[in-house]
Amino acid sequence: MTTTSRRIALIGVGNDFRHDDAIGWVVVERLRTRTLPPGTRLLTCDADPGRLIGCWEDADLAVVVDAAHAHPGHPGRVHRLELGAHEVAHAPAASSHGLGLGEAVELARVLGRLPGRLVIYAVEGADSSLGRGLSPAVAGVVESLARRVEDEITRHCEATASG
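Given the structure is predicted, the values throughout are model-derived calculations rather than measurements.

Description of unusual backbone geometry
In terms of backbone geometry, most residues other than glycine have negative phi values and most peptide bonds are trans.
Okay, step 1: The backbone of His19 sits at a positive phi, close to 45°, despite the residue not being glycine.
Okay, step 2: Even without being a glycine, Asp58 presents a positive backbone phi close to 65°.
Okay, step 3: As for its position among the elements, Asp58 is in the loop between helix H2 (49–56) and strand E3 (61–68).
Okay, step 4: Classification of Asp58 by relative accessible area gives exposed; the value is 59%.

Quick look at a nonpolar patch on the surface
Okay, step 1: On the surface, a cluster of nonpolar side chains totalling about 270 Å² of accessible area is made up of Leu107, Val110 and Leu111.
Okay, step 2: Mapped onto the secondary structure, Val110 falls in helix H3 (residues 101–111).
Okay, step 3: Look at Val110 and you get exposed, because its relative accessible area is 56%.

Some words on the environment of Arg147
Okay, step 1: Within the fold, Arg147 resides in helix H5 (residues 142–162).
Okay, step 2: By relative accessible area, which is 42% here, Arg147 ends up partly exposed.
Okay, step 3: The spacing of Arg147 and Arg30 is 117 residues in sequence and 9.7 Å in space, taken between C-alpha atoms.

Looking at the nonpolar core
Okay, step 1: Among the nonpolar cores identified, the biggest contains 23 residues, and Leu10, Leu31, Val63 and Val149 are the most heavily contacted of them.
Okay, step 2: For this core, the secondary structure elements donating two or more residues are strand E1 (8–13), helix H1 (23–31), E3, strand E5 (117–124) and H5.
Okay, step 3: Ranked by residues supplied to this core, first place goes to H5 with six residues.
Okay, step 4: For Leu31, the contacting residues outside a window of four places in its chain are Leu10, Leu36, Leu42, Ala146, Val149 and Glu150.
Okay, step 5: Grouped together as the second largest cluster of nonpolar side chains are 20 residues, Ile11, Trp56, Leu114 and Ile120 included.

What to know about H5
Since the α-helix advances by 3.6 residues per turn, residues separated by three or four positions end up pointing in the same direction.
Okay, step 1: For H5, with 21 residues, the first-to-last C-alpha span of 30 Å sits near the 30 Å given by 1.5 Å per residue.
Okay, step 2: Regarding H5, the residues found buried are Val142, Leu145, Ala146, Val149, Glu150, Glu152, Ile153, His156, Cys157 and Thr160. Down the axis, H5 shows its buried residues gathered within 150° of arc, on one side only. Residues of H5 that are exposed and point over 90 degrees away from its buried face: Glu158, Ala161 and Ser162.

Topic: the pattern of salt bridges
Okay, step 1: Enumeration according to the criterion identifies 16 salt bridges in this entry.
Okay, step 2: Where Arg117 meets Glu152, a salt bridge forms, and the shortest distance between an N and an O atom there is 2.9 Å. Placement of Arg117 in strand E5 and of Glu152 in helix H5 is noted, with a sequence separation of 35 residues between them.
Okay, step 3: Arg117 sits in the partly exposed class, given a relative accessible area of 21%.
Okay, step 4: Look at the salt bridges and you will find they share partners, linking Arg30, Arg34, Glu143, Arg147 and Glu150 into a network.

Remarks on the pairing of E1
On a regular strand, each side chain points to the face opposite its neighbour's, so the side chains alternate between the two faces of the sheet.
Okay, step 1: Within E1, six of the six residues are buried, leaving the element largely enclosed by the surrounding structure.
Okay, step 2: Covered by surrounding structure in E1 are Ile8, Leu10 and Gly12 together with Ala9, Ile11 and Val13, the residues of both alternating faces.
Okay, step 3: In terms of strand pairing, E1 meets strand E2 (residues 40–45) through six bridges, oriented parallel. In the sheet register, Ile11 faces E2, and the bridge partner there is Leu43.
Okay, step 4: After leaving E1, the chain enters H1 and then returns to the sheet as E2, a path that is right-handed.
Okay, step 5: The pairing of E1 with E3 spans five bridges and is parallel. Its bridge partner lying in E3, Ile8 is registered against Leu61.

Reading the values: rules and limits
- Residues numbered from 1 in each chain as written.
- Predicted model: local features only at pLDDT ≥ 70, side-chain atom pairs only at ≥ 80, totals over all residues.
- Heavy atoms only, no water.
- Helix = DSSP H or I, 4+ residues; strand = E, 2+ residues; numbered from the N terminus.
- Buried < 20%, exposed > 50% of the residue type's maximum accessible area, 1.4 Å probe, protein only.
- Patch = residues over 30% accessible without salt bridge, like charges linked within 9 Å, V, L, I, M, F, W, Y side chains within 5 Å.
- Areas by Shrake-Rupley, 256 points an atom, 1.4 Å probe, with all protein chains shown as cover.
- Salt bridge = Lys/Arg side-chain N within 4 Å of Asp/Glu carboxyl O.
- Core = buried A, V, L, I, M, F, W, Y, C linked by side-chain atoms within 4.5 Å.
- Contact = heavy atoms within 4.5 Å.
- Expected span 1.5 Å × (residues − 1).
- Arc of directions from axis to C-beta.
- Pairing = 2+ DSSP bridges.
- Right-handed = clockwise from strand over helix to strand, strands pointing away.

Here it is as C-alpha coordinates:
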(Lines give C-alpha, C1' and ligand atoms only; values in the text may rest on other atoms or scores of the structure.)
Protein backbone atom coordinates (compact mmCIF):
# COMPACT_ATOMS: atom_id res chain seq x y z
CA MET A 1 0.00 0.00 0.00
CA THR A 2 1.36 3.43 -0.85
CA THR A 3 1.20 6.52 1.31
CA THR A 4 -1.33 8.18 -0.99
CA SER A 5 -3.77 5.27 -0.76
CA ARG A 6 -3.90 5.15 3.05
CA ARG A 7 -7.26 5.92 4.54
CA ILE A 8 -7.10 6.79 8.21
CA ALA A 9 -9.94 8.22 10.27
CA LEU A 10 -9.31 9.76 13.67
CA ILE A 11 -12.70 10.24 15.31
CA GLY A 12 -13.32 12.16 18.49
CA VAL A 13 -16.64 11.10 19.94
CA GLY A 14 -18.59 13.07 22.49
CA ASN A 15 -20.31 16.26 23.42
CA ASP A 16 -18.38 19.50 23.90
CA PHE A 17 -21.01 20.70 26.39
CA ARG A 18 -20.77 17.80 28.87
CA HIS A 19 -17.37 18.30 30.52
CA ASP A 20 -15.33 15.06 30.28
CA ASP A 21 -17.51 13.74 27.47
CA ALA A 22 -15.55 16.14 25.25
CA ILE A 23 -12.24 14.25 25.63
CA GLY A 24 -12.45 12.84 22.09
CA TRP A 25 -13.02 16.28 20.59
CA VAL A 26 -10.17 17.77 22.64
CA VAL A 27 -7.71 15.09 21.49
CA VAL A 28 -8.71 15.60 17.84
CA GLU A 29 -8.19 19.35 18.20
CA ARG A 30 -4.78 18.76 19.79
CA LEU A 31 -3.78 16.56 16.84
CA ARG A 32 -4.89 19.16 14.28
CA THR A 33 -1.71 21.05 15.20
CA ARG A 34 0.51 18.08 14.33
CA THR A 35 1.74 16.78 11.00
CA LEU A 36 -0.09 13.50 10.51
CA PRO A 37 0.41 11.15 7.54
CA PRO A 38 -1.35 11.95 4.26
CA GLY A 39 -4.79 10.39 4.09
CA THR A 40 -5.59 11.06 7.75
CA ARG A 41 -9.02 12.59 8.32
CA LEU A 42 -9.73 14.25 11.68
CA LEU A 43 -13.41 14.10 12.56
CA THR A 44 -15.73 14.69 15.50
CA CYS A 45 -19.00 12.89 16.06
CA ASP A 46 -21.81 12.87 18.62
CA ALA A 47 -21.81 9.02 18.84
CA ASP A 48 -24.86 8.44 16.65
CA PRO A 49 -24.19 4.91 15.29
CA GLY A 50 -25.03 5.83 11.67
CA ARG A 51 -22.75 8.88 11.73
CA LEU A 52 -19.93 6.91 13.34
CA ILE A 53 -20.12 4.24 10.65
CA GLY A 54 -20.03 7.01 8.03
CA CYS A 55 -16.93 8.49 9.65
CA TRP A 56 -14.93 5.26 9.44
CA GLU A 57 -16.40 4.02 6.18
CA ASP A 58 -13.67 2.77 3.81
CA ALA A 59 -10.92 3.45 6.38
CA ASP A 60 -7.97 1.11 6.60
CA LEU A 61 -7.54 2.31 10.19
CA ALA A 62 -10.05 4.10 12.39
CA VAL A 63 -8.96 5.42 15.76
CA VAL A 64 -11.82 6.46 18.03
CA VAL A 65 -11.36 8.48 21.23
CA ASP A 66 -14.34 8.57 23.57
CA ALA A 67 -15.26 9.04 27.21
CA ALA A 68 -16.23 6.00 29.25
CA HIS A 69 -17.92 5.32 32.56
CA ALA A 70 -16.70 2.61 34.88
CA HIS A 71 -17.83 1.67 38.38
CA PRO A 72 -15.78 2.12 40.35
CA GLY A 73 -14.16 4.66 38.10
CA HIS A 74 -10.65 5.99 37.91
CA PRO A 75 -10.97 9.34 36.10
CA GLY A 76 -8.26 9.74 33.50
CA ARG A 77 -7.55 6.02 33.10
CA VAL A 78 -7.25 5.13 29.40
CA HIS A 79 -8.40 1.80 27.97
CA ARG A 80 -7.35 0.57 24.51
CA LEU A 81 -9.46 -1.89 22.54
CA GLU A 82 -8.67 -3.13 19.03
CA LEU A 83 -10.95 -4.91 16.61
CA GLY A 84 -10.20 -6.12 13.09
CA ALA A 85 -12.78 -5.91 10.31
CA HIS A 86 -13.25 -9.67 10.15
CA GLU A 87 -13.39 -10.34 13.88
CA VAL A 88 -16.63 -11.63 15.30
CA ALA A 89 -16.00 -10.42 18.86
CA HIS A 90 -18.47 -7.89 20.15
CA ALA A 91 -16.97 -4.62 21.37
CA PRO A 92 -18.32 -3.59 24.75
CA ALA A 93 -20.50 -0.51 24.97
CA ALA A 94 -17.90 1.52 26.89
CA SER A 95 -19.19 4.85 25.67
CA SER A 96 -20.69 7.40 28.01
CA HIS A 97 -23.63 7.75 25.60
CA GLY A 98 -26.90 5.83 25.80
CA LEU A 99 -26.58 4.56 22.25
CA GLY A 100 -23.26 4.98 20.63
CA LEU A 101 -19.94 3.33 20.08
CA GLY A 102 -20.81 -0.22 21.14
CA GLU A 103 -23.94 -0.23 19.03
CA ALA A 104 -22.11 1.33 16.07
CA VAL A 105 -19.44 -1.38 16.20
CA GLU A 106 -22.04 -4.15 16.36
CA LEU A 107 -24.14 -2.65 13.57
CA ALA A 108 -21.09 -2.12 11.37
CA ARG A 109 -19.96 -5.69 12.03
CA VAL A 110 -23.35 -7.09 11.02
CA LEU A 111 -23.42 -4.91 7.89
CA GLY A 112 -19.80 -5.66 6.97
CA ARG A 113 -18.86 -1.99 7.33
CA LEU A 114 -16.13 -2.07 9.97
CA PRO A 115 -12.85 -0.42 9.02
CA GLY A 116 -9.83 -2.64 8.36
CA ARG A 117 -8.68 -1.97 11.94
CA LEU A 118 -10.64 -0.22 14.64
CA VAL A 119 -8.74 1.04 17.68
CA ILE A 120 -10.74 2.59 20.50
CA TYR A 121 -9.26 4.69 23.27
CA ALA A 122 -11.83 5.05 26.05
CA VAL A 123 -11.04 7.51 28.83
CA GLU A 124 -12.77 7.16 32.19
CA GLY A 125 -14.38 10.47 33.05
CA ALA A 126 -15.24 12.19 36.31
CA ASP A 127 -17.89 14.68 35.21
CA SER A 128 -20.42 14.41 32.40
CA SER A 129 -22.77 17.09 33.70
CA LEU A 130 -23.71 20.08 31.57
CA GLY A 131 -20.85 22.52 31.09
CA ARG A 132 -17.59 23.02 29.30
CA GLY A 133 -14.06 22.07 30.22
CA LEU A 134 -12.48 18.79 31.25
CA SER A 135 -12.00 17.74 34.86
CA PRO A 136 -8.37 17.96 36.05
CA ALA A 137 -7.88 14.16 35.94
CA VAL A 138 -9.09 13.89 32.34
CA ALA A 139 -7.34 17.08 31.19
CA GLY A 140 -4.14 15.59 32.58
CA VAL A 141 -4.14 12.74 30.03
CA VAL A 142 -4.84 14.80 26.88
CA GLU A 143 -1.21 15.24 25.79
CA SER A 144 -0.10 11.68 26.52
CA LEU A 145 -3.21 10.30 24.80
CA ALA A 146 -2.62 12.53 21.77
CA ARG A 147 0.93 11.11 21.56
CA ARG A 148 -0.41 7.54 21.85
CA VAL A 149 -2.90 8.15 19.05
CA GLU A 150 -0.23 9.78 16.88
CA ASP A 151 2.08 6.80 17.52
CA GLU A 152 -0.76 4.39 16.66
CA ILE A 153 -1.23 6.09 13.29
CA THR A 154 2.53 6.19 12.61
CA ARG A 155 2.95 2.48 13.44
CA HIS A 156 0.04 1.63 11.15
CA CYS A 157 1.59 3.61 8.29
CA GLU A 158 5.00 2.01 8.81
CA ALA A 159 3.48 -1.47 8.91
CA THR A 160 1.46 -0.95 5.74
CA ALA A 161 4.43 0.61 3.94
CA SER A 162 6.64 -2.40 4.71
CA GLY A 163 3.96 -5.03 4.23
